[in-house]
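The lines below spell out each chain.
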Amino acid sequence: MVTITTTYNELTKLQYNNSILTIGSFDGLHLGHKKILKSMNNIASNKINSNNKILITFDPHPYSILNSNINNKYYLSESMDEKIYVLNKYFKSIIDVVIIIKFDLELSKISATNFFDKIIKTFLPTDVVMGYDNGFGYKREGNAKFLKDNYQTSNFDLHIIKPEQNDSSTIISSTLIRKSINNGNINNANLMLGRNYSISGKVIKGQGLGKTIGYPTINISLYNKSQIVPQRGVYFVNIIIEKNIYKGMCNIGFRPTVTNNKEETIESHIFTVERNKDFYGKSVKILFIEYIREEKKFKNIKFLAKQLEEDKKYCLSIRD
């Protein structure tokens, strides 16, 4: 899989023929996105000649440019690097080329017609595959209706992919996954993603209170401060540090039993690790497997330690 980073103005420096392409932000790369990418693969398998399967995306996510005055956690993907990693891991056999277009205010004002005409000229597609709710160009006017009304008779076949649904017939979307994570329904989010939701950061020094009750923790400072953090509570997690995978549990919240601090923290306890192992300054990825319970304020740290023991026992009974 080839990755090319460019700008809208520099697209003309590229030239592809007979492409099968799709366009989108692909935040989270969930099962709805997977359906689009698999459709591209099915189309390619019916072609006599080899076609480049091209995914066009944007960096940063358009939301960050169009809502720069809003300070909130929005993203499912940790970073563009993480998005490329997921594409390589799960879709390497499907996607041949990933085009990353720098998104800025100037690009946000370009009409869908001008944007798409340049895309057609650059990639000369035989097929364009789009999600039913996708949109590009100024005010996302480049939706399915726009394409059908303006490009139905063009020299390429247009494929609008119907939504993917979960077992309860609910349409899978990035919006619904964000809502599930914010509500602590990590199991539902993971099912829609097709993998465990994850966050990444750097291990920073904490107060060391966990050691005093036999549950030392590593504190995490997120790399992407705008990524969605699951609802406050305790989770069963896998923790990846230096390619090593550890089982553990993660607490997200204010630690009300031991502090009055109002700053939310992310701290994880690793169940089995080498004695006196020092992780300070290391990069860590936390994969959320299951929500265990809400964060509580206990009478004292002895009651907290007893609850942590029960939490650990429950986590170890879970098959992930």
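Check the entry above for the structure.
Below: a short report on this structure.

About the cut-offs
Residues numbered from 1 in each chain as written. Predicted model: local features only at pLDDT ≥ 70, side-chain atom pairs only at ≥ 80, totals over all residues. Heavy atoms only, no water. Phe/Tyr/Trp six-rings, centres within 6.5 Å; stacked < 30°, edge-to-face > 60°. Helix = DSSP H or I, 4+ residues; strand = E, 2+ residues; numbered from the N terminus. Buried < 20%, exposed > 50% of the residue type's maximum accessible area, 1.4 Å probe, protein only. Salt bridge = Lys/Arg side-chain N within 4 Å of Asp/Glu carboxyl O.

**Observations regarding the packing of aromatic side chains**
- Taken as a whole and assessed by the stated rule, the structure comprises 18 aromatic pairs.
- Summarising the aromatic geometry, the rings of Y16 and F123 are spaced 5.7 Å apart at their centres and angled 25° between planes, so their arrangement reads as stacked. Note that Y16 is positioned in the loop between β1 (2-6) and β2 (19-23) and F123 in helix α5 (residues 112-123), a separation of 107 residues in sequence.
- Given the relative accessible area of 0%, F123 is considered buried.
- Taken together, a centroid distance of 6.4 Å and an interplanar angle of 85° make the contact between Y63 and Y75 edge-to-face. In this pair, Y63 sits in helix α2 (residues 62-66) while Y75 sits in the loop between α2 and α3 (80-91), placing the two residues twelve residues apart along the sequence. For the residue pair Y63 and Y75, the accessibility class agrees, reading buried in each case.
- Among the aromatic residues, those joined into a cluster by ring pairs are Y8, F58, F103, F115, F116, F136, F146, Y151 and F156.

**Considerations on unusual backbone geometry**
- Residues D59 and P60 are joined by a peptide bond in cis, for which omega reads 0°.
- The topology assignment puts P60 in the loop between β3 (52-59) and α2.
- One non-glycine residue, L29, lies in the positive phi region at around 45°.
- Judged by its relative accessible area of 3%, L29 is buried.
- With a phi angle near 70°, K243 is a residue other than glycine that sits in the positive phi range.
- Along the polypeptide, K243 turns up in the loop between β9 (233-241) and β10 (244-253).

**With respect to the pattern of salt bridges**
- Per the stated rule, a full pass over the model turns up eleven salt bridges.
- A salt bridge links E10 to K13; the nearest nitrogen and oxygen atoms lie 3.9 Å apart.
- Using a relative accessible area of 34% as the deciding quantity, one classes E10 as partly exposed.
- On the basis of relative accessible area, K13 is assigned to the exposed category, the value being 68%.
- When the shortest N-O distance is used, the salt bridge between K282 and E242 registers 2.9 Å. Of this pair, K282 sits in the loop between β11 (265-270) and β12 (283-293) while E242 sits in the loop between β9 and β10; the two residues are 40 residues apart in sequence, bridging distant segments of the chain.
- Linked through salt bridges whose partners overlap, the residues forming this network are E78, E82 and K285.

So, to be careful, I would describe these as geometric facts and stop short of saying anything about function.
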